[in-house]
Structures are given as structure tokens and as C-alpha cells.
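Tertiary structure, described
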Amino acid sequence: MNNRIFAKSVQVISQDGQNLGVMPTPQALQIAMDEGMDLVEINANNIPPIVKIMDYGKFKYEQKKRANEARKNQKTVEMKEVWVKPFIEENDLNIKMKKVLEFLSDGNKVKISVMTKGSKKVLARGKDAVPELFARILEIIGERGALESKSKPDERTKSIIVAPAK
């Protein structure tokens, strides 16, 4: 910006977007000062570098305002987690699924985790219980959510991630 532009000559663009052509840097700086503006380097990689005559303070303010507006309109998706046991009763599962559906309707992803430990892990019934439970859960969720990913089969804590339906 201004005196920090070290190129000998620059391509100048006026504040209304007109190309003023290639000129020595001191001359471009003088034109900018005559108009009460700043000379701002837009593209330093070009030969000669491209500079624009503008009010730098106003430019920075508008840039900051645009960034704030974009941040305001941005929706963050949170990851919620619900824990269930491999041999959960039907009523308990319905209560947990009500909470999962609430999270999905709010637009959040939900991680449903099942921890298998001790005798539940050893039982032959325990090995089949988790995939069956996940199938029941996905059946309850139905069209309101979509399966996004599953955990690896050899992990102690099995989980699925469900994203809200589009």
C-alpha cells in the first residue's frame, strides 16, 4: 500500500474500475494522493504489479462487514452423542430414539454408541445384538435421517453416525 510498493512501474486501475495503463510507481502514487485515496497493490505476482486507487480504510471496513455477514448466515452442524446398551429394553430405546429424532430435526448429526464389555462381549448373543440393535435404530429413524458412517467391527465401542435427511 502507498509507499510500500517497491516495483518501478505498475499497472494502475482507477477507483471506478478504468484501466489507466502502466506508469511509474511515483506517478501512480501522486495520482492517488491528488484524489485523496490510497494506492493498493491488488496482484503482486503480475509483471508489472496491478494496483488500484481506493480508500483503503473503507475497503477494509466493507471487507470486515462482509465477513461478519457471512459468519452470521453460516449454520454450524453439531455432533450429538447418544449411548445405548446392547440389550436395551423397547421403552428405553423409544425414549432414546425420541431424543435422537429431536437432534436430527434441529439439523445436528447424531452419533449412536454401544459399548460392549464384560460378559456382554463374550456372549454369542452379544456379537449379534449390536448389528441387530443398529438395524432397529435405523428402522425407527427411517426417512428422517441417513446413515453416514459405521465404526470398525473390531472396536470395543461400536457406533454409527446418522445425519439429518436432506
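Here is what the cut-offs are and how they apply
Residues numbered from 1 in each chain as written. Predicted model: local features only at pLDDT ≥ 70, side-chain atom pairs only at ≥ 80, totals over all residues. Heavy atoms only, no water. Core = buried A, V, L, I, M, F, W, Y, C linked by side-chain atoms within 4.5 Å. Buried < 20%, exposed > 50% of the residue type's maximum accessible area, 1.4 Å probe, protein only. Helix = DSSP H or I, 4+ residues; strand = E, 2+ residues; numbered from the N terminus. Contact = heavy atoms within 4.5 Å. Pairing = 2+ DSSP bridges. Axes fitted to C-alpha atoms, helices over the stretch in contact; angles between N-to-C directions. Arc of directions from axis to C-beta. Patch = residues over 30% accessible without salt bridge, like charges linked within 9 Å, V, L, I, M, F, W, Y side chains within 5 Å. Areas by Shrake-Rupley, 256 points an atom, 1.4 Å probe, with all protein chains shown as cover. Salt bridge = Lys/Arg side-chain N within 4 Å of Asp/Glu carboxyl O. Lys, Arg positive; Asp, Glu negative; His and termini not counted. Charge placed at Lys NZ, Arg CZ, Asp CG, Glu CD.

A word on the nonpolar core
Core analysis: the largest hydrophobic core is formed by 19 residues, its most contacted members being V84, V100, I112, I137 and I141. Only strand 5 (79-84), helix 3 (90-105), strand 6 (109-115), helix 5 (124-141) and strand 8 (157-164) provide two or more residues apiece to this core. Per-element accounting of this core gives the leading share, six residues, to helix 3. Once residues lying within four places of it in the same chain are set aside, the contact partners of I141 are V100, L101, L104, I112 and V162. In terms of nonpolar packing, the next biggest core, distinct from the first, is built from ten residues, A32, L39, V51 and I53 among them.

So, the pairing of strand 3 (residues 38-43)
Of the pairings in the sheet, the one linking strand 3 to strand 4 (residues 50-54) comprises five bridges and is antiparallel in character. Directly across from L39, in strand 4, lies its bridge partner I53. Here strand 3 hands over to strand 4 after six residues, the two strands then running antiparallel side by side.

With respect to the sheet that holds strand 8
What the four strands build is an open sheet, ordered 5-6-8-7; its pairing is mixed. The open sheet is flanked by strand 5 and strand 7 (145-150), the only strands paired with a single partner. The mean inter-strand angle of the sheet, taken between neighbouring strand axes irrespective of direction, is 25°. Of the pairings in the sheet, the one linking strand 5 to strand 6 comprises six bridges and is parallel in character. Paired with K80 across the bridge in strand 6 is V110. Sheet strands in contact with helix 3 are strand 5, strand 6, strand 7 and strand 8, and its direction is about 170° off that of strand 5.

Quick notes on helix 1 (residues 25-34)
Within helix 1, the full set of buried residues consists of T25, A28, L29 and A32. Angularly, the buried residues of helix 1 cover 100° about the axis, an arc narrow enough to put them on a single face. Along helix 1, the residues that are exposed and aim more than 90 degrees away from the buried face are P26 and D34. In the core, the buried residues of helix 1 are packed alongside strand 1 (9-13), strand 2 (19-24), strand 3 and strand 4.

Remarks on a positive patch on the surface
Taken together, K85, K96, K117 and R156 make up a surface patch of like positive charges. Along the polypeptide, K96 turns up in helix 3. What makes K96 partly exposed here is its relative accessible area of 31%.

In short, shape yes, function no, at least from these values alone.
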